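Tertiary structure, described
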Amino acid sequence: MNISQTDQKAYVLHTIPYRNSSLIAYLFTAQAGRLNVLAKGIRGSAKGKKSHQPLQVLTPILASWRGKNNLKILTSFEAKQSYQLSSAAYYSVMYINELLMRLLPEQDAMPTLFDAYQNLLLSLQDNKPLQIQLRQFELHLLSALGYQLDFSQDLQQGSAIQVDCFYSWSSSDGFYQVAAQQASVRVYAGADLLAMGQAIWHDNSLRTAKFLHRQIFDSLLGNKPLKSRAIYRQIIG
């Protein structure tokens, strides 16, 4: 597929060195979705002399690229002001970036999700509550991936979720009622699910959202765990 774009809004999700002086950058772009580009000569000379490196995470860029293959050639970019985040927020964004790299299809534009990502970075820079911002972005990501969660309906029974009942979730059945002490599945309180559906965030609904989202993402990620989760636990605790 031949794509050539000029001055497109983008964020760097991750970079890896390539040969002596280049980088492969994994971008999340406004108009082309997730994209992999080769940035030639950006790391300095082959003698190990490194140049200033503005192509990095948390720095919005205007990027231009060309090429027919999945790995495009980055022809130019202009780096904007980087976001300044706390340590906890920074490693949380690394977690989000890994989810985007692992789960988003290549070259599939998702402008609404791109806007949500920008809003996430702005909110974290403004020190808005970290857990609320993460859970809300995860919902945006799940929606973009086709998971429209209905927090008001027990789809198996065809009835409304009840405040005083308990539910589990499956990719085939959505939410379905279970006994409170059912050890074989993860159980969620109906009151917390209803709160999530109304974007009412408190300790219980945030905890429920964290475990529910993890269950769904783990089903999508398969047997390869997220590296960022382990790093976050090691550094932040």
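A brief structural summary. Being a predicted model, the structure only gives us computed values, none of them experimental. Within each chain, residue numbers correspond to sequence positions counted from 1 in written order. Thresholds applied to this predicted model are a pLDDT of at least 70 for local features of residues and 80 or more for the giving and counting of side-chain atom pairs; totals over whole chains, interfaces and linings are not thresholded and use all residues. Excluded from the side-chain calculations are hydrogens and water; all other atoms, namely the structure's heavy atoms, are used.

1. Here we look at the sheet that holds strand S8 (residues 166-170)
Sheets are built from strands that pair by backbone hydrogen bonding, the pairs being arranged parallel or antiparallel. Convention followed: One bridge is not enough; two strands pair if DSSP finds at least two bridges between them. Labels follow the DSSP assignment, with helices taken as runs of H or I lasting at least four residues and strands as runs of E lasting at least two, numbered in each case from the N terminus.
Pairing within the open sheet is antiparallel, and its three strands lie in the order S9-S8-S10. Every other strand in the sheet has two partners, leaving strand S9 (174-178) and strand S10 (188-189) as the edge strands with one partner each. Strand direction decides the pairing type here: S8 and S10, joined by two bridges, are antiparallel. Bridged to Phe-166 within S10 is Ala-189.

2. Describing the packing of aromatic side chains
In plain terms, the rule: Pairing of aromatic rings covers Phe, Tyr and the six-membered ring of Trp, with a centre-to-centre limit of 6.5 Å; geometry is then stacked below 30 degrees between planes, edge-to-face above 60, and tilted otherwise. Each residue gets one of three labels from its accessible area relative to the maximum for its type: buried under 20%, exposed over 50%, partly exposed in between, using a 1.4 Å probe on protein chains only.
Summed over all chains, the structure comprises nine aromatic pairs. Here the aromatic rings of Tyr-11 and Tyr-83 are separated by 6.3 Å at their centres, their planes lie at 35 degrees, and the arrangement is tilted. Of this pair, Tyr-11 sits in strand S1 (residues 5-18) while Tyr-83 sits in the loop between strand S5 (71-79) and helix H1 (87-103); the two residues are 72 residues apart in sequence, bridging distant segments of the chain. Summarising the burial analysis for this pair, Tyr-11 and Tyr-83 share the class buried.

3. Thoughts on the side chain of Glu-98
The criterion, for reference: Between two residues, a contact is recorded if the distance between any of their heavy atoms is within 4.5 Å.
Within the fold, Glu-98 resides in helix H1. If sequence neighbours within four positions are ignored, Glu-98 has contacts with Pro-225, Leu-226, Lys-227 and Ser-228.

4. Notes on helix H4 (residues 190-197)
Burial analysis of H4 places six of its eight residues in the buried class, the great majority of the element. Listing the buried residues of H4 in full gives Gly-190, Asp-192, Leu-193, Leu-194, Ala-195 and Met-196. In the core, the buried residues of H4 are packed alongside S8, S9, S10 and helix H5 (203-221).

5. Looking at the pairing of strand S2 (residues 22-29)
Counting buried residues in S2 gives eight out of eight residues, a clear majority hidden from the surface. Two elements, S1 and S2, share eight bridges in a ladder whose sense is antiparallel. The partner of Ile-16 across the bridge, within S2, is Ile-24. Connecting the antiparallel pair S1 and S2 is a turn made up of three residues, with Arg-19 showing a positive phi of about 55 degrees. Alignment of S2 against strand S3 (residues 33-39), held across seven bridges, turns out to be antiparallel. Across the sheet, Thr-29 pairs through a bridge with Gly-33, a residue of S3. The turn joining S2 and S3, which pair antiparallel and follow one another in sequence, is formed by three residues.

6. Structural notes on the side chain of Arg-135
Worth spelling out the cut-off: Pairing of N or O atoms within 3.5 Å defines a polar contact, subject to two protein rules: one partner must be a possible hydrogen donor and the other a possible acceptor, and residues neighboring in sequence count only if both atoms are side-chain atoms.
Looking at the element boundaries, Arg-135 is found in helix H3 (residues 130-144). Polar contacts involving the side chain of Arg-135 include one to the side chain of Gln-131, which spans 2.6 Å.

7. Describing the pattern of salt bridges
Rules: A pair is scored as a salt bridge if a Lys or Arg side-chain nitrogen falls within 4 Å of a carboxyl oxygen belonging to Asp or Glu.
Under the defined criterion, the tally for this structure stands at four salt bridges. Note that Lys-80 and Glu-78 form a salt bridge whose closest N and O atoms lie 3.0 Å from each other. Classification of Glu-78 as partly exposed rests on a relative accessible area of 42%. In this structure, Arg-102 and Glu-98 form a salt bridge, with 4.0 Å as the shortest nitrogen-oxygen distance. Here Arg-102 and its partner Glu-98 are both found in helix H1, four residues apart, which amounts to about one turn of the helix. On the basis of relative accessible area, Glu-98 is assigned to the buried category, the value being 13%.

8. Points about the sheet that holds strand S4 (residues 61-66)
Keep this limit in mind: To get an axis, fit a line to the C-alpha atoms, keeping to the stretch in contact for a helix; angles then go from 0 to 180 degrees between the N-to-C directions.
The five strands are arranged S1-S2-S3-S5-S4 in a closed barrel whose pairing can be described as mixed. Strand after strand, the sheet turns through a mean of 55 degrees between neighbouring axes, direction not considered. On the sheet, H1 packs against S1, S2 and S3 and is oriented at approximately 100 degrees with respect to S1. Each of S1 and S2 is contacted by helix H2 (residues 111-125), which is oriented at about 65 degrees to S1, the strand it contacts most.

9. Digging into the pairing of S8
Within S8, four of the five residues are buried, leaving the element largely enclosed by the surrounding structure. Both S8 and S9 contribute to a ladder of five bridges, which runs antiparallel. Bridge assignment links Phe-166 to a residue of S9, and that residue is Val-178. Once S8 ends, the chain turns through three residues before running back antiparallel as S9.

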